[in-house]
Amino acid sequence: MTALLGDSSCHLSSATNTMNPHLRQDIPPCVKRDLSHFKQRFNWDCGVTCVLMVLPDQERAYFLTNFEQICKEEGFNHSTWTIDLCYLLKRFNVLHNYYTTTLGVHPGYRGHTYYDKILIEDESRINKRFTVARSEKIYVEQASLNTSHLINHLLHYGPIILLINANLLTCDVCKVNKLTLELRSCFPWPVHYAGHYIVLCGYNGFKQKFFYRNPSFKDRLCAVSYHNLNIARKSYGTDEDVILIFNDNRNV
């Protein structure tokens, strides 16, 4: 972990922080965690690619070498849910906690355009993985985490894997979806759900933004406001899924 107060993306007058409710005066106003960026190779492996980004070098190399075999052994093949990522992290001995608002498959997803075909193949498998998670020493808690929780974890422990709605995710650096979101604030229209995983790797408390890695892109550091990230990660379909990765001291 590195607190980059001199970095250009972290520089802004501290006067802008006076009304920030999420950043206490006793914590660093800007933190970034170094990650090895990977771009997803297929249309289904964004979550698995996020796992690659948080793995230690040796484990990552082994996973890449045995990619297809490991995916097959884990049972998800080309359809991954957040609980699958937890089992994958456990396989590589990565300490983590999983928070979600729904334990198992949300019954409301039956008939949903995005989930309907997926559920035919995955529902029983996913519900079973939730059921036996405790016996497999995978920590899952039904809870909704707020912005302060995310900031505290990034500061003290490690990066975070998030499930978001890709159609609502914005980037203040590359301007992805920025115009669409601004137009929707004036002329609201329905937004279809498109599940996607990203890795939070820091924050700028001065500007009230999170830094993240998006496996859809080549190596780049994206930034999104706290507010806009909440819109994307709390969209219907995400279950507000959050995986907290513990790279540093674990005191929870």
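Since this is a predicted model, take the numbers as computed values, not measurements.

Cut-offs and rules
- Here, residues in each chain are numbered from 1, in the same order as that chain's written sequence.
- Restriction of local features to residues with pLDDT of at least 70 applies here, the model being predicted, together with a cutoff of 80 or more for giving and counting side-chain atom pairs; totals for whole chains, interfaces and linings are based on all residues.
- Working from all heavy atoms in the structure, the side-chain values ignore hydrogens and water.
- Numbering of helices and strands runs from the N terminus; a helix is a DSSP stretch of H or I covering at least four residues, while a strand is a stretch of E covering at least two.
- Residue burial is assigned from relative accessible area. The probe radius is 1.4 Å, only protein chains are included, and a residue is buried under 20% of its type maximum, exposed over 50%, and partly exposed in between.
- Methods summary: accessible areas were calculated by the Shrake-Rupley approach with a probe of 1.4 Å, and residue burial reflects only the protein chains presented.
- Throughout, disulfides are identified as pairs of cysteine sulfur atoms within 2.5 Å of each other.
- The salt bridge definition used is simple: a Lys or Arg side-chain nitrogen within 4 Å of an Asp or Glu carboxyl oxygen.
- Read the arc as the range of directions from the helix axis to the C-beta atoms.
- To get an axis, a line is fitted to the C-alpha atoms, and for a helix only the part in contact is used. The angle between two axes follows their N-to-C directions and goes from 0 to 180 degrees.
- Small angles under 35 degrees read as roughly parallel and large ones over 145 as roughly antiparallel, with 65 to 115 read as roughly perpendicular and the rest as oblique.
- Whether two residues touch is decided by their heavy atoms; if any such pair falls within 4.5 Å, the residues are in contact.
- Classification convention: Asp, Glu, Lys, Arg as charged; Ala, Val, Leu, Ile, Met, Phe, Trp, Tyr, Cys, Pro as nonpolar; all other residues, Gly among them, as polar.
- A residue's pLDDT is simply how confident the predictor is in it, with values from 0 to 100.
- Any pair of N or O atoms that falls within 3.5 Å is considered a polar contact. Within protein, one atom must be able to donate a hydrogen and the other to accept it, and sequence-neighbouring residues count only if both atoms are side-chain atoms.
- Note on pairing: two strands pair once DSSP finds at least 2 bridges between them.

Asks: Explain the overall build of the chain to me, please; I cannot follow it from the model alone.
Replies: Along the chain, the regular secondary structure elements total 8 helices and 8 strands. Counting every position in the chain, which comprises 252 residues, the buried fraction comes to 50%. For the chain, the exposed area adds up to about 12500 Å²; of that, 52% sits on carbon and sulfur atoms.

Asks: Sorry, what's going on with the state of the cysteines here?
Replies: Two cysteines form a disulfide when their sulfur atoms are joined by a covalent bond. This structure, assessed with the given rule, holds 0 disulfides. Just so you know, C46 is unpaired, no disulfide at all, and the nearest cysteine sulfur is the one on C50, 6.4 Å from it. Considering cysteine sulfurs only, C222 is the nearest to C201, which forms no disulfide, with 9.1 Å between them. Classification of C201 as buried rests on a relative accessible area of 2%.

Asks: So what exactly am I meant to see when it comes to the pattern of salt bridges here?
Replies: Two side chains of opposite charge can pair, provided their charged atoms sit close to one another. Taken as a whole and assessed by the stated rule, the structure comprises 9 salt bridges. E74 is the partner of R91 in a salt bridge, and the nearest nitrogen-oxygen pair spans 2.9 Å. Taken together, the residues R91 in helix α4 (residues 82-91) and E74 in helix α3 (residues 67-74) connect sequence positions 17 residues apart. A relative accessible area of 12% places E74 in the buried class.

Asks: I tried to follow helix α1 (residues 46-54) on my own but got confused; where do I start?
Replies: By the criterion of burial, α1 is predominantly enclosed, with 9 of the 9 residues buried. Residues C46, G47, V48, T49, C50, V51, L52, M53 and V54 constitute the buried set of α1.

Asks: Just checking my understanding: could you explain α3 for this structure?
Replies: Because an α-helix completes one turn every 3.6 residues, residues spaced three or four positions apart along the sequence face the same direction. Residues of α3 that are buried include every one of F67, I70, C71 and E74, and no others. For α3, the buried positions fall inside an angular range of 100° around the axis, keeping them on one side. Looking one or two residues beyond α3, the residue adopting positive phi is G75, at roughly 90°.

Asks: Would you mind going over the packing of helix α6 (residues 147-156) against helix α8 (residues 226-233) with me for this structure?
Replies: For any two helices packed against each other, the geometry comes down to the angle between their axes and how far apart the axes lie. It is the contact of α6 with α8, at a shortest axis distance of 11 Å, that shows an interaxial angle of 105°. Relative to α8, α6 is oriented roughly perpendicular. Along the contact surface, α6 presents T147, L150 and I151, while α8 presents Y226, N230 and R233. Grouping the constituent residues of the contact of α6 with α8 by class yields 3 nonpolar, 2 polar and 1 charged.

Asks: Where do I start with the confidence of the model for the chain in this structure?
Replies: As a note on interpretation, predicted positions should not be read in detail where pLDDT is low. For the chain, mean pLDDT is 86; residues scoring 70 or higher make up 81% of the total. Scored below 50 in pLDDT, residues 12-18 shows 9 contacts in the model against residues more than four places distant or in partner chains.

Asks: Is there a simple way to think about the environment of N127 in this case?
Replies: Tracing the backbone through its elements, the reader meets N127 in helix α5 (residues 116-131). Residue class for N127 comes out partly exposed when judged on its relative accessible area of 26%. When the C-alpha positions of N127 and L103 are compared, they lie 8.1 Å apart, and in sequence the two are 24 residues distant. In this view, N127 contacts G104 and V105; residues no more than four positions away in its chain are not counted. Engagement of the side chain of N127 in a polar contact is seen with the backbone nitrogen of V105, the distance being 2.9 Å.

Asks: Any chance you could explain the pairing of strand β8 (residues 242-245) here in plain terms?
Replies: Residues V242 and L244 of β8 are buried on one face, and the alternating residues I243 and I245, pointing to the opposite face, are buried as well. The pairing of strand β2 (residues 96-100) with β8 spans 4 bridges and is antiparallel. The residue bridging Y98 from the neighbouring strand is I243, located in β8. By the bridge criterion, 3 bridges tie strand β4 (residues 160-165) to β8 in an arrangement that is antiparallel. Paired with I160 across the strands is L244, a residue of β8.

Asks: What is the right way to read unusual backbone geometry from this model?
Replies: Apart from glycine, the bulk of residues carry a negative phi angle, and the bulk of peptide bonds sit in the trans form. Positioned with a positive phi, K137 is a non-glycine residue whose angle comes to about 60°. If you trace the backbone, K137 turns up in the loop between α5 and β3 (140-142). A positive phi angle is found at D239, which is not glycine, with a value near 55°. Within the element layout of this structure, D239 appears in the loop between α8 and β8. Given a relative accessible area of 11%, D239 falls into the buried group.

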